Amino acid sequence: RFMANAAVIFDLYMRLYEHPPKSEQNFHELIQVILKAHINRSTALRERDLQKNETDHWFLSNEITGMSLYVDRFCGNLQKLETTLDYFEKLGVNFLHLMPMFESPENESDGGYAVSDFRKVDKRFGSLDDLRRLQEKMRKRNFYLMLDIVLNHTSQQHEWAQKAKGGDRHYQDYYYFYNDRSLPDQYDQTMPDIFPESSPGNFTHIPECNKWVMTVFHNYQWDLNYNNPKVFVEMMDTIFFYANLGVDILRIDAPAFIWKQLGTTCQNLPQAHTILRLIKQCVQVATPGMALLGEAIVAPKDIMPYFGTGEFT
């Protein structure tokens, strides 16, 4: 699979990152992340990859019936959710989409979409070990699991954001930081407000370092800078972390926003589609049993490219 996809992965990567400093070094890091994900994949998940491969587009099967739920609202926590699998089976449900469960600040969570730790289950729901046990029981009963990943931004409480706030230039480059309002004002000329009443503007002043940071959704959600190839590699590693937890479908939150470019709306840009294609190619190599679902809440005219264009149709 790697040999079949390596040239495409390299081509897509270079479309995005031909010019940034250390681009070649970061590409080698990406390859290491792909290899590590495959090596770390459990025997049980590799066997399930093979089973899924026997059915073309297994995730389109009309034998899959799903339900979305908030774990705490439905039954309290992940341990209790384990005990409800018989109930779902009686309903004919064999696919569970668990709404965001990873750590997020209590008063700045945006429903779990302001993540402060991508690899730690929020204590309200239980622990990562609880999630692993649930997934194992679901897999043995031929259930499917879908989780969300928030690629566009992190919580301001995330470790990267905290280091950036403290003046670390390396981590400030993980976000869109500016010394004054000059460039933010230029961005705002073409970027719409997502929540004009509750969170107007696309930038927030950070007094700790006296800089402005891009915050498209809420002032506590800092947009990740995918112009920096290091960010892509870091988030690809996170995607594989979810894949090797046993996630069958990973729902990508707000993919339309993940590439920013001055003078545009910073939505649905060609580079955003290139990133999604690159993610898909990497996943197909290392963890082929995990499918990807993009949340493309965009105008009807912008929907079709998310289904693929040109050589990626």
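Everything numeric in this text was worked out from a predicted model, so none of it was measured. (Residues numbered from 1 in each chain as written. Predicted model: local features only at pLDDT ≥ 70, side-chain atom pairs only at ≥ 80, totals over all residues. Heavy atoms only, no water.)

J.: For this particular structure, what's the right way to read the overall build of the protein?
T.: When helices and strands are tallied, the protein shows 13 helices and 12 strands. Taking 20 Å as the expected radius of gyration for a compact globule of 313 residues, we find that the protein reaches 20 Å, a close match to that expectation. Once the C-alpha set of the protein is aligned to its principal axes, its extents read approximately 60 × 45 × 40 Å. Taking all 313 residues of the protein together, 52% fall into the buried category. For the protein, long-range pairs separated by at least 24 residues make up 71% of all intrachain contacts whose partners lie at least 6 apart in sequence. Here the protein displays about 15100 Å² of accessible surface, and carbon together with sulfur accounts for 50% of that area. Separation of charge centres in the protein, based on 32 positive and 40 negative side chains, amounts to 5 Å. (Helix = DSSP H or I, 4+ residues; strand = E, 2+ residues; numbered from the N terminus. Rg over C-alpha atoms; globule rule 2.2 N^0.38 Å. Buried < 20%, exposed > 50% of the residue type's maximum accessible area, 1.4 Å probe, protein only. Contact = heavy atoms within 4.5 Å. Areas by Shrake-Rupley, 256 points an atom, 1.4 Å probe, with all protein chains shown as cover. Lys, Arg positive; Asp, Glu negative; His and termini not counted. Charge placed at Lys NZ, Arg CZ, Asp CG, Glu CD.)

J.: What am I meant to see in empty space enclosed by the protein here?
T.: It is a probe the size of a water molecule, rolled over the atoms, that shows where empty space is left. On inspection of all chains with the given rule, the structure shows three cavities of 30 Å³ or more. Put simply, the largest cavity is a space of about 60 Å³. As for the largest cavity, its lining consists of Leu98, Pro100, Met101, Phe102, Gly112, Val115, Phe118, Leu147, Asp148, Ile149, Val150 and Tyr242. For the lining of the largest cavity, the leading source of residues is strand β5 (residues 144-150), giving four residues. Looking at side-chain class alone, the lining of the largest cavity contains 10 nonpolar, one polar and one charged residues. As for the second largest cavity, its lining consists of Met191, Pro192, Ile194, Asn202, Val216, Phe257, Lys260, Thr265, Cys266 and Gln267. Broken down by class, the residue content of the lining of the second largest cavity amounts to six nonpolar, three polar and one charged. (1 Å grid on protein atoms, 1.4 Å probe; cavity = no way out; pocket = protein on both sides within 12 Å on 5 of 7 lines; lining within 4 Å. Points joined across faces, edges and corners; volume = space filled by probe spheres on them. Nonpolar A, V, L, I, M, F, W, Y, C, P; charged D, E, K, R; others polar.)

J.: Would you mind showing me how to read the packing of helix α2 (residues 23-40) against helix α11 (residues 229-243) here?
T.: Helix-helix packing: each pair is described by the crossing angle between the helix axes and the interaxial distance. Look at α2 against α11: their axes get within 10 Å of each other, and the N-to-C directions meet at 0°. One finds that α2 runs roughly parallel with respect to α11. Residues Asn26, Glu29, Leu30, Val33, Ile34, Lys36 and Ala37 of α2 lie in contact with α11, whose contacting residues are Pro229, Lys230, Phe232, Val233, Met236, Asp237 and Phe240. (Axes fitted to C-alpha atoms, helices over the stretch in contact; angles between N-to-C directions. Parallel < 35°, antiparallel > 145°, perpendicular 65-115°, else oblique.)

J.: What's the story with the packing of aromatic side chains in this structure? I'm lost.
T.: The relative placement of two aromatic rings is captured by the distance of their centres and the angle of their planes. Under the definition given, this model contains 20 aromatic pairs. With 5.4 Å between their ring centres and 20° between their planes, Phe74 and Phe88 make a pair best called stacked. Within this pair, whereas Phe74 is found in helix α4 (residues 71-74), its partner Phe88 is found in helix α6 (residues 85-91), the two being separated by 14 residues in sequence. What links up through ring pairs into an aromatic cluster is the set Phe10, Tyr13, Tyr17, Phe27 and Trp259. Lying across the ring of Trp58, Lys52 places its NZ or CZ 4.4 Å from the centre. (Phe/Tyr/Trp six-rings, centres within 6.5 Å; stacked < 30°, edge-to-face > 60°. Lys NZ or Arg CZ within 6 Å of the ring centre and 35° of its normal.)

J.: For this particular structure, what's the right way to read the packing of helix α1 (residues 2-17) against α2?
T.: Put simply, α1 and α2 touch, their axes get as near as 11 Å, and they point 145° apart. Judged by the twist between their axes, the crossing of α1 over α2 is right-handed. For the pair α1 and α2, contact is made by Phe2, Ile9, Phe10, Tyr13 and Tyr17 and by Ser23, Asn26, Phe27, Leu30, Ile31 and Ile34, respectively. (Left-handed = near helix turned anticlockwise from the far one by under 90°.)

J.: Where do I start with the side chain of Gln156 in this structure?
T.: Here Gln156 is to be found in the loop between β6 (153-155) and α8 (159-165). With relative accessibility at 13%, the residue Gln156 sits in the buried group. Separated by 3.0 Å, the side chains of Gln156 and Glu108 make a polar contact. Setting aside anything within four residues of it in sequence, one finds Gln156 in contact with Glu108, Ala161, Gln162, Lys165, Asn219, Tyr220 and Trp222. (Polar contact = N/O pair within 3.5 Å; in protein donor to acceptor, adjacent residues only side chain to side chain.)

J.: What is the right way to read helix α3 (residues 43-53) from this model?
T.: The α-helix advances 3.6 residues per turn, and as a result positions three or four apart in sequence lie on the same side. Of the residues making up α3, those classed as buried are Leu45, Arg48, Asp49 and Lys52. Each buried residue of α3 lies within a common arc of 110° when the element is viewed along its axis, so the set occupies one face. The exposed set on the far side of α3, more than 90 degrees from its buried face, consists of Thr43 and Leu50. Along its buried surface, α3 packs onto α7 (128-140), β5 and α11. (Arc of directions from axis to C-beta.)

J.: Even after reading the chapter, I still don't get the sheet that holds strand β9 (residues 211-214), so can you show me in this structure?
T.: Two strands in a sheet stick together by hydrogen bonds in their backbones, pointing the same way (parallel) or opposite ways (antiparallel). What the three strands build is an open sheet, ordered β7-β9-β8; its pairing is antiparallel. A single partner strand is all that each edge strand has here, and the edge strands are β7 (177-178) and β8 (203-206). As paired strands, β8 and β9 are joined by four bridges and run antiparallel to one another. Bridge assignment links Phe203 to a residue of β9, and that residue is Met214. (Pairing = 2+ DSSP bridges.)

J.: What am I meant to see in a nonpolar patch on the surface here?
T.: A contiguous nonpolar patch, built from Phe74, Tyr87 and Leu91 and spanning about 290 Å² of accessible area, is present on the exposed surface. Inspection of the secondary structure puts Tyr87 in helix α6. Residue Tyr87 is classed as partly exposed on the basis of its relative accessible area, which comes to 44%. (Patch = residues over 30% accessible without salt bridge, like charges linked within 9 Å, V, L, I, M, F, W, Y side chains within 5 Å. Salt bridge = Lys/Arg side-chain N within 4 Å of Asp/Glu carboxyl O.)

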